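Each chain, letter by letter, is given below.
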Amino acid sequence: MENMALENLKTRRSVRSFSSRPVEQEKLDAILEAATYAPTGMGSQSPVIVLVKSPDTLKKISRMNAEVMGREVDPFYGAPTVAIVFGNKASVPTWFEDACLVAGNLLNAAHAVGVDSCYIYRAREVFSSAEGLALMKEWGLDENYQGVANCILGYGEGETPQPKPRKADYIRIV
């Protein structure tokens, strides 16, 4: 079956080397809007996305993420933008899953408009720290919010990774 949406889902790859070229605002707007259409428990729309384009703030969050890893690296691989998805623990029982679905929509929407991306972990740890909580407060987020995903966005350098073959027992029909 040919379908562009299905093809986009199958061809999206995590990119781990980025140019400094900024993502056009029109594309960022489209990506963020698509992310807000992810399903959420009871239609709560409880997740929040914080888009970071400021080089200084991006560098700070990258440093914080690297500190959680215990390594001196750039865990954002030079990407010029990061969309951080927060879940609202005080909203619905599915707050974490809702935030994950928002992140998934965001990554797939990025691919659909020609923007490369990668899901970067450790948002929970970064935004549980004193420095992370201070940033959240600056962004208008209270202690009910928890970092769930860092979605880096930009234009990759080098070859796009190739998919691994799908495992034989991925799907079971009962």
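Residues numbered from 1 in each chain as written. Predicted model: local features only at pLDDT ≥ 70, side-chain atom pairs only at ≥ 80, totals over all residues. Heavy atoms only, no water.

> Summarise the overall build of the protein; cite the residues concerned and give the values.
Along the protein, the regular secondary structure elements total 6 helices and 4 strands. Seen in sequence order, the protein has helices and strands lined up from the N terminus as α-α-β-α-β-α-β-α-α-β. Counting only contacts in the protein whose residues sit at least 6 apart along the sequence, the fraction spanning at least 24 positions is 82%. Surface summary for the protein: the accessible area is close to 10400 Å², and the carbon and sulfur share equals 53%. Averaged over its 19 positive side-chain charges, the protein has a centre that lies 6 Å from the centre of its 21 negative ones. (Helix = DSSP H or I, 4+ residues; strand = E, 2+ residues; numbered from the N terminus. Contact = heavy atoms within 4.5 Å. Areas by Shrake-Rupley, 256 points an atom, 1.4 Å probe, with all protein chains shown as cover. Lys, Arg positive; Asp, Glu negative; His and termini not counted. Charge placed at Lys NZ, Arg CZ, Asp CG, Glu CD.)

> I'd love a proper account of the pattern of salt bridges, names of residues and values included.
Overall, the coordinates contain 5 salt bridges when judged by the stated rule. R124 is the salt-bridge partner of E125, the closest N and O atoms lying 3.1 Å from each other. Note that R172 and D169 form a salt bridge whose closest N and O atoms lie 2.9 Å from each other. On the accessibility criterion, D169 (40% relative accessible area) is partly exposed. Among the charged side chains, a salt-bridge network with shared partners connects R63, E67 and E131. (Salt bridge = Lys/Arg side-chain N within 4 Å of Asp/Glu carboxyl O. Buried < 20%, exposed > 50% of the residue type's maximum accessible area, 1.4 Å probe, protein only.)

> Outline the sheet that holds strand 1 (residues 48–52), supporting the account with residue identities and numerical values.
In spatial order, the strands read 1-2-4-3; together these 4 strands make up an open sheet with antiparallel pairing. In this open sheet, the two edge strands, each paired with only one partner strand, are strand 1 and strand 3 (116–120). Neighbour-to-neighbour, the strand axes of the sheet open up by a mean angle of 25°, direction not taken into account. Here strand 1 runs beside strand 2 (residues 81–88); their pairing, made up of 5 bridges, is antiparallel. Note on strand 2: the bridge partner recorded for V50 is I84. In this fold helix 2 (residues 25–35) packs onto strand 1, strand 2 and strand 4 (145–154), with an angle of close to 165° to the strand it touches most, strand 1. (Pairing = 2+ DSSP bridges. Axes fitted to C-alpha atoms, helices over the stretch in contact; angles between N-to-C directions.)

> Provide a residue-level description of the packing of aromatic side chains, including the pertinent values.
Applying the stated criterion across every chain yields a total of 5 aromatic pairs. Ring centres 5.1 Å apart and planes at 70° place the aromatic pair F86 and F127 in the edge-to-face group. Here F127 lies in the loop between helix 5 (123–126) and helix 6 (130–138) and F86 lies in strand 2, a separation of 41 residues in the sequence. Residue class for F86 comes out buried when judged on its relative accessible area of 0%. Between F86 and W139 the ring centres are 6.4 Å apart and the planes differ by 70°, which places this aromatic pair in the edge-to-face class. Of the two residues, F86 sits in strand 2 while W139 sits in the loop between helix 6 and strand 4, which places them 53 residues apart along the sequence. The exposure class of W139 is partly exposed, given its relative accessible area of 23%. (Phe/Tyr/Trp six-rings, centres within 6.5 Å; stacked < 30°, edge-to-face > 60°.)

By themselves, these are just geometric observations and shouldn't be taken as functional.
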